[in-house]
Amino acid sequence: MHKVIFDTDPGVDDAMALLFLHHHPEIDLLGINTVFGNATIETTTRNALFLKREWKIDAPVAQGAGETFLPHRVSHEPPAWIHGDDGLGNIGVPDVPDMSADPRPAHRFLIEMIRANPGEVTVVAVGRMTNLANALKEDPEIVGLVKEIVIMGGAFDCNGNVTPAAEANIHGDPEAADIVMTAKWPVVVVGLDVTMKTVMTRSQLADIRDAAGSSRARLLFDLSQFYIDFYEGLVDDGMVVHDSCACVYVVAPELFKTRSGPIRVVCGGIADGQTIQKPDGRGFGPSEWDGDLPSQKICVDIDADAVLKLIHDVISAVKED
Ligand code: BDR
Ligand code: CA
């Protein structure tokens, strides 16, 4: 069993990833942490509570950061043109007054769960890294107590998706990402290098809806349509399943090819939020990648067909509501 805390900004592809984690038989979902990004923190938290209710997820939701790690950093508007004004594809997400978040802020929830399960917790972070950076600031010792941090974010040997240099989750809080990726805990980064190859077609998504025959899969299908329309012209047909790729890594790392080396995040300037790895074994002159930095893994290739099949099989296997 993998004990997982899901740190997320739902978010359409976040929603699919959450359903995958919830349905996977080897995942024990300990908690859902929210962060601002695809929408404001109030909206991503409301969405997490809504999905928890609709999908009957036991794990608590803890509300996280609503601003960057450095409080006065220039912040960016939520990408309503990708995820909708409501963050879930403009399906008209209702308020959920019957649901409430955990009293703890997400970074403290993270610390307490990691300390309660030493060496066992995998954090899957598919939004900005702000909650993780806040947790490290409050309790630096957790670096030695975590099993693994799996991140969806970054663009290493390819362009970003917000600027030519930067991917959205990193661009939204570069200082937080640099802290998280240079901390001495094991990090695996699943970036655009592999997620952009992982496109679920409209008909594959319809197959999931029909195979599952459940209201859960119907909701996933409905909330994904606006996001699919956004991706028209960017990919052949369908939706890029960024966040689900990070979840699949947890249960099937053999479907990914990785490269090791220290990672730094550019903070400021025209390449704000760019992620750069110094591959282990490569010689360079003295640089900011030297010193006591840990070697972290980035994904450089993926068996996209197998990943998509696994997502399909896990989500559609559950038939009851
Ligand atoms: C990432 O940014 C968000 O829009 C998605 O949910 C994903 O986590 C892709 O760059
Ligand atoms: Ca996300």
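Because the structure is a prediction, the values reported are computed rather than measured.

Reading the values: the criteria
- Residues numbered from 1 in each chain as written.
- Chains lettered and ligands numbered in written order.
- Predicted model: local features only at pLDDT ≥ 70, side-chain atom pairs only at ≥ 80, totals over all residues.
- Heavy atoms only, no water.
- Donors = N, O, S within 2.8 Å, 3.2 Å for Na, K, Ca; no water.
- Helix = DSSP H or I, 4+ residues; strand = E, 2+ residues; numbered from the N terminus.
- Buried < 20%, exposed > 50% of the residue type's maximum accessible area, 1.4 Å probe, protein only.
- Near = heavy atom within 4 Å.
- Polar contact = N/O pair within 3.5 Å; in protein donor to acceptor, adjacent residues only side chain to side chain.
- Areas by Shrake-Rupley, 256 points an atom, 1.4 Å probe, with all protein chains shown as cover.
- Phe/Tyr/Trp six-rings, centres within 6.5 Å; stacked < 30°, edge-to-face > 60°.
- Lys NZ or Arg CZ within 6 Å of the ring centre and 35° of its normal.
- Axes fitted to C-alpha atoms, helices over the stretch in contact; angles between N-to-C directions.
- Parallel < 35°, antiparallel > 145°, perpendicular 65-115°, else oblique.
- Left-handed = near helix turned anticlockwise from the far one by under 90°.
- Contact = heavy atoms within 4.5 Å.
- Salt bridge = Lys/Arg side-chain N within 4 Å of Asp/Glu carboxyl O.
- Expected span 1.5 Å × (residues − 1).

Before going further, it helps to examine the coordination of the calcium ion (ligand 2). Tetrahedral metal sites with four donors have an ideal angle of 109.5 degrees; octahedral sites with six donors have ideal angles of 90 or 180 degrees. Every protein donor of the calcium ion (ligand 2) is accounted for by Asp9 (OD), Asp14 (OD), Asp14 (OD), Val126 (O) and Asp243 (OD), and the metal-donor separations fall at 2.4 to 2.7 Å. Between consecutive donor residues of the calcium ion (ligand 2), the sequence gaps follow D-x4-D-x111-V-x116-D. Here the residue Asp14 occupies a position in helix H1 (residues 12–23), and Val126 occupies one in the loop between strand S4 (121–125) and helix H5 (130–138), the gap between them amounting to 112 residues. Comparing Asp14 with Val126 shows no difference in burial state: the two are buried.

In the vicinity of ligand 1, the contacting residues are Asp13, Asp14, Asn38, His83, Val126, Met152, Asn161, Glu167, Ala168, Asn169, His242 and Asp243. Asn38 is positioned such that a nitrogen or oxygen atom in its side chain is 2.7 Å from an oxygen atom of ligand 1. Between ligand 1 and the protein, one listed contact pairs an oxygen atom with a side-chain N or O atom of Asp243 at 2.6 Å. Look at ligand 1: alone it shows 280 Å² of surface, and the protein chains cover 95% of it. Counting residues per element, the ones that place at least two in the shell around ligand 1 are H1, helix H6 (168–171) and helix H11 (242–251).

What follows covers the packing of aromatic side chains. Per the counting criterion, the structure on display carries 3 aromatic pairs. On the basis of an interplanar angle of 65° and a centroid distance of 5.3 Å, the ring pair of Tyr249 and Phe256 is categorised as edge-to-face. The positively charged end of Arg128 is found above the aromatic ring belonging to Phe36, 4.4 Å away from the centroid.

What follows deals with the packing of H1 against helix H10 (residues 215–231). For the pair H1 and H10, the least separation of the axes is 9 Å and the interaxial angle reads 155°. If you check the angle between H1 and H10, you find them roughly antiparallel. Our pair here, H1 against H10, has a crossing hand that is left-handed. Where H1 abuts H10, its residues Val12, Asp13, Ala15, Met16, Leu19, His22 and His23 lie against Arg216, Leu220, Leu223, Ser224 and Tyr227.

In the structure shown here, the tally under the stated rule is 22 salt bridges. Lys197 serves as the salt-bridge partner of Asp301, at 3.0 Å between the closest nitrogen and oxygen. In this pair, Asp301 sits in strand S12 (residues 296–302) while Lys197 sits in the loop between helix H8 (192–195) and strand S7 (199–200), placing the two residues 104 residues apart along the sequence. On the accessibility criterion, Asp301 (34% relative accessible area) is partly exposed. In this structure Lys197 comes out as partly exposed when scored by relative accessible area, which is 43%. Among the charged side chains, a network of salt bridges with common partners joins Arg202, Asp229, Glu232 and Asp237.

Given a rise of 1.5 Å per residue, 14 residues ought to cover 20 Å, and the 20 Å separating the end C-alpha atoms of helix H2 (residues 41–54) matches this to within 8%. Of all 14 residues that make up H2, 11 are buried, and the element is covered over most of its length. Listing the buried residues of H2 in full gives Ile41, Thr43, Thr44, Thr45, Arg46, Asn47, Ala48, Leu49, Phe50, Leu51 and Lys52. Residues of H2 that are buried make contact with H1, strand S2 (27–34), strand S3 (61–62) and H10. Within two residues after H2, Lys56 carries a phi angle of roughly 55°, on the positive side.

What follows is about the environment of Ile151. Inspection of the secondary structure puts Ile151 in strand S5 (residues 146–152). A sequence separation of 36 residues divides Ile151 from Val187, and the C-alpha atoms of the two residues are 7.4 Å apart. Those residues in contact with Ile151 that sit more than four places away from it in its chain are Ala125, Met129, Val180, Met181, Val187, Val188, Val189, Val190 and Ala246.

This brings us to the side chain of Ser214. Examined against the element boundaries, Ser214 turns out to sit in the loop between helix H9 (202–212) and H10. A distance of 3.2 Å separates a polar side-chain atom of Ser214 from the backbone nitrogen of Ala217.

Right, let's talk about the environment of Arg259 for a bit. By secondary structure assignment, the location of Arg259 is in strand S9 (residues 256–261). Measuring from C-alpha to C-alpha, the distance between Arg259 and Asp280 comes to 8.1 Å, with 21 residues separating the pair along the chain. In this view, Arg259 contacts Asp157, Gln277, Pro279, Gln296, Lys297, Ile298 and Val300; residues no more than four positions away in its chain are not counted. Among the polar contacts listed, one links the side chain of Arg259 to the side chain of Asp157, at a separation of 2.9 Å.

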